[in-house]
Protein chains: 2
Amino acid sequence: MLIDHLSIIGVGLIGGSLARALRKAEFVGRVTGCNRSEETLKKAVQLGVIDDYSLDIHEAVKKSDVIVVGTPLAISEKLLPKIADSMSANTVLTDVGSVKSGIVKAARQTLFEKFCNFVPGHPIAGTEKNGVEASLEDLFVNHRVILTPVEETCPKACKLITEMWKAAGADVVNLDVQHHDEVLAATSHLPHMLAYALVDCLAGMQERDEIFKYAAGGFADFTRIASSNPEMWHDICFSNRQALVRALEIFSTHINKIKVAIEKSESNELLETFRRAKEARDKFNKEKNR
Amino acid sequence: MLIDHLSIIGVGLIGGSLARALRKAEFVGRVTGCNRSEETLKKAVQLGVIDDYSLDIHEAVKKSDVIVVGTPLAISEKLLPKIADSMSANTVLTDVGSVKSGIVKAARQTLFEKFCNFVPGHPIAGTEKNGVEASLEDLFVNHRVILTPVEETCPKACKLITEMWKAAGADVVNLDVQHHDEVLAATSHLPHMLAYALVDCLAGMQERDEIFKYAAGGFADFTRIASSNPEMWHDICFSNRQALVRALEIFSTHINKIKVAIEKSESNELLETFRRAKEARDKFNKEKNR
């Protein structure tokens, strides 16, 4: 057991799944939950995800060895001052947000001498479901967790959080903060925007009922992520504004090229684009299944 | 047995799966295949998909009760004159193309008095795999097949093709030609363009290796259709140019609105878009699983 006392602020899909996984791995002793809703916390106790809870952050974290912030991005930043006041000098703090630059900046401005104990993290896992009821002990198995430690980050703290995620079954890698946000803008945030835009666009068409009626399997797969939590994605958009807008601009250039190729009968241009894409997607699939 | 002799021109995933399904349902007697590649035809015989074959269209169809054209769109149109010359006055002809306006126009100009026996069809089924090796007897079970008969289409011919697809397990509906092409542009052709554009766009980025390395499950689902056959999609684009370009324009307006909302911090606009899309997607999912 490497963490005697773990506190989870925001006991949802990610926080709940991490607690389950660490219990199973016997990596953690006591788990204390903290949430805005007491109902959620009671459910988490019933489900065996946490041992006890407090609605007050100070109470929940004051004796913790490790604090995991699992709240939505915008809320995490707002909670930092309170957490900073309540955590001990030796407590290691980590988060699970999908964008790292904002939280790192906020933590640097709030945590002062405790900033060295903050290990920014991002587990690349999840489903389109939310809440502690959806939490799974194997959610992170064979999934990547990206940590984005900065110059000031204490190597010992980083090592503990690395071990923690490994115990949950994850494959842990380190990336530079800015690089993380650019890569995720392209690979996750952009596709979510496209799925939301597509579904919203079709839902607004005159033939909307028929459109959804005749949609095939490809459409179902393609738009699954449009069922994701709107509030969470709203936060991600603003938090990763710069990289996401850039990714959207690059994408728009590409889709416009395809449109022009169709309009102007540029047969080779279109075929080459489709072939390049297929090749890249097939390669991705092969490596994923390796 | 309702079809004594069925000829399939283009024995691939769709044609092969239809033959398998009709044999299983004992809806068909003899099945003759016709293909450009003799190797494919030999394999189809080995697999028990067809009984015999000919490389010559005239030989393959001259005594058929029903001819199914399963070749790619552009090829189907080119084969029509030869088929018209070879089919008997009572033979019913159908196709499986994803766009209907082009083939209907070509058939009207080529088949003359036999045009009444052409029943344009489009099974909404398939995988990203190709070829007779990938054919499945249950590919069409619980999938929709859209028929787009026109004014001249003989009701008896339409009834036979409807029964044929029902025997293969499909749910058959009729749509107007133009309407079919508009609905499919939105629900299938547009998503394929987006998936191709996204993968091609990411593959061209500087961080391409990391982008694909850190891609999560959502990305895999979202881009699965980018593994589809480039030649087939090239044909679909040009065949459904007008409706597809319009769908691309509507989509571009939507994605641009999202980009502007992110840039200008239009919080409500963004949240409303995501909520509308989630609601439409959740509704689609519920109805699909009903």
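Residues numbered from 1 in each chain as written. Chains lettered and ligands numbered in written order. Predicted model: local features only at pLDDT ≥ 70, side-chain atom pairs only at ≥ 80, totals over all residues.

**Some words on the overall build of chain A**
Where we set the bar: Helix and strand assignments come from DSSP, with helices taken as H or I runs of at least 4 residues and strands as E runs of at least 2, each series counted from the N terminus. The reference for a compact globule is 2.2 Å times residues^0.38; the radius of gyration itself is calculated from the C-alpha atoms. Here a residue counts as buried when 20 or more other C-beta atoms sit within 10 Å of its C-beta, as exposed when there are 12 or fewer, and as partly exposed otherwise, the C-beta atoms being derived from the backbone.
Regarding its fold elements, chain A presents twelve helices and nine strands. For 290 residues, the compact-globule estimate of 2.2 N^0.38 gives 19 Å, and the C-alpha radius of gyration of chain A, at 21 Å, lies within 12% of that figure. Considered along the principal axes of its C-alpha atoms, chain A spans approximately 70 × 40 × 35 Å. By residue count, 51% of the 290 residues in chain A fall in the buried class.

**A short note on the domain arrangement of chain A**
All names here are of chain A. In plain terms, the rule: For the domain bounds, the source is a domain assignment made automatically or taken from a database. Each residue gets a C-beta atom placed from its backbone, and two residues are in contact if those atoms lie within 7 Å.
The domain boundaries assigned to chain A delineate domain 1 (3-175) and domain 2 (179-288). Taken together, the contact pairs 14 residues of domain 1 with 15 residues of domain 2. Broken down by secondary-structure element, the contributors of at least two residues to the side of domain 1 that touches domain 2 are helix 4 (73-86) and helix 5 (101-111).

**A few points about the relation of the copies chain B and chain A**
Note: a rotation about an axis with an accompanying shift along it relates these two copies of the chain. Stated precisely, the cut-off is as follows: Here the copies are matched by least squares. The fit uses the C-alpha atoms of residues with pLDDT of at least 70 in both.
Overlay of chain B on chain A (RMSD 0.0 Å): rotation 180°, translation along the axis 0.0 Å. Such values leave the two copies arranged in the relation of a two-fold axis. Taking C-alpha positions as reference, the residue of chain B nearest the rotation axis is F222(B), located at 2.1 Å. With an isologous cut-off of 70% or more, the 100% of interface residues of chain B that recur at the interface of chain A puts this contact in the isologous class.

**Things to note about the sheet that holds strand 3 (residues 52-53) of chain B**
Residue and element names in this part refer to chain B. Filter applied, for reference: Only strands that DSSP links by at least two bridges are regarded as paired with each other. Each axis is a line fitted through C-alpha atoms, and for a helix only the stretch in contact is used; angles between axes span 0 to 180 degrees, taken between their N-to-C directions.
If you walk across this open sheet you meet the six strands as 3-2-1-4-5-6, and the pairing is parallel. Where the open sheet ends on each side, the last strands, each with one partner, are strand 3 and strand 6 (118-119). Here six bridges tie strand 1 (residues 3-9) to strand 2 (residues 28-34), and the two strands are oriented parallel to one another. Residue I9 lies in a different strand from strand 2, and its bridge partner there is C34. Across the face of the sheet, helix 6 (residues 155-167) comes into contact with strand 1, strand 4 (66-69), strand 5 (92-95) and strand 6 while running at roughly 55° to strand 5.

**Some details on the interface of chain B and chain A**
This is how the line gets drawn: Only Asp, Glu, Lys and Arg are considered charged, only Ala, Val, Leu, Ile, Met, Phe, Trp, Tyr, Cys and Pro nonpolar, and every remaining residue, Gly among them, polar.
Opposite the 72 residues of chain B that make contact, chain A presents 72 residues. Elements represented by at least two residues in the side of chain B that touches chain A include exactly strand 8 (144-147), helix 7 (177-203), helix 8 (208-213), helix 9 (217-223), helix 10 (230-239), helix 11 (241-263) and helix 12 (267-288) of chain B. Residue composition of the side of chain B that touches chain A, by class: 44 nonpolar, twelve polar and 16 charged.

**Brief notes about the sheet that holds strand 9 (residues 171-174) of chain B**
Residue and element names in this part refer to chain B. Read across the open sheet, the three strands follow the order 7-8-9; overall the sheet is mixed. Across the chains shown, the open sheet's two edge strands, defined by having one partner strand only, are strand 7 (121-123) and strand 9. With strand direction ignored, the average angle separating the axes of adjacent strands in the sheet is 20°. As paired elements, strand 7 and strand 8 share three bridges and run antiparallel to each other. Across the sheet, residue H122 finds its bridge partner in strand 8, namely I146.

**Regarding the pairing of strand 9 of chain B**
Consecutive residues of a regular strand have side chains that alternate between opposite faces of the sheet. Residue and element names in this part refer to chain B. Quick note on the threshold: Here a crossover is taken to be right-handed if, once the strands point away from the viewer, the path from the first strand over the helix to the second is traced clockwise.
Bridging between strand 8 and strand 9 involves four bridges; their strand directions are parallel. Along strand 9, the bridge assignment pairs L147 with N174. Handedness of the crossover joining strand 8 and strand 9 through helix 6: right-handed.

**A few points about the packing of helix 11 (residues 241-263) of chain A against helix 11 of chain B**
Just so we agree on the cut-off: With respect to orientation, any angle under 35 degrees is reported as roughly parallel, any angle over 145 as roughly antiparallel, any angle of 65 to 115 as roughly perpendicular, and every other angle as oblique. A crossing counts as left-handed when the near helix is turned anticlockwise from the far one by less than a right angle, and as right-handed when that turn is clockwise.
Look at helix 11 of chain A against helix 11 of chain B: their axes get within 10 Å of each other, and the N-to-C directions meet at 165°. Considered as vectors, helix 11 of chain A and helix 11 of chain B are oriented roughly antiparallel to each other. Seen along the crossing, helix 11 of chain A lies across helix 11 of chain B with a hand that is left-handed. Residues R241(A), L244(A), V245(A), L248(A), S252(A), I255(A), K259(A), I262(A) and E263(A) of helix 11 of chain A touch helix 11 of chain B, and the partners they reach there are R241(B), L244(B), V245(B), L248(B), S252(B), I255(B), K259(B), I262(B) and E263(B). When its residues are assigned to classes, the contact of helix 11 of chain A with helix 11 of chain B shows ten nonpolar, two polar and six charged.

**Here's the deal with the environment of A84(B)**
Residues and elements named next belong to chain B. By the element assignment, A84 lies in helix 4 (residues 73-86). You can call A84 partly exposed: it has 18 C-beta atoms within 10 Å. Separated by 30 residues in sequence, A84 and K114 have C-alpha atoms that sit 7.5 Å apart.

**Regarding the pairing of strand 5 of chain B**
All names here are of chain B. A two-sided burial pattern is seen for strand 5, the buried positions comprising V92 and T94 on one face and L93 and D95 on the other. As judged from the four bridges shared by strand 4 and strand 5, these two strands associate in the parallel manner. Looking at strand 5, one finds that V69 is bridged to D95. Relative to strand 6, strand 5 runs parallel, the two being bridged by two bridges. Along strand 6, the bridge assignment pairs L93 with F118.

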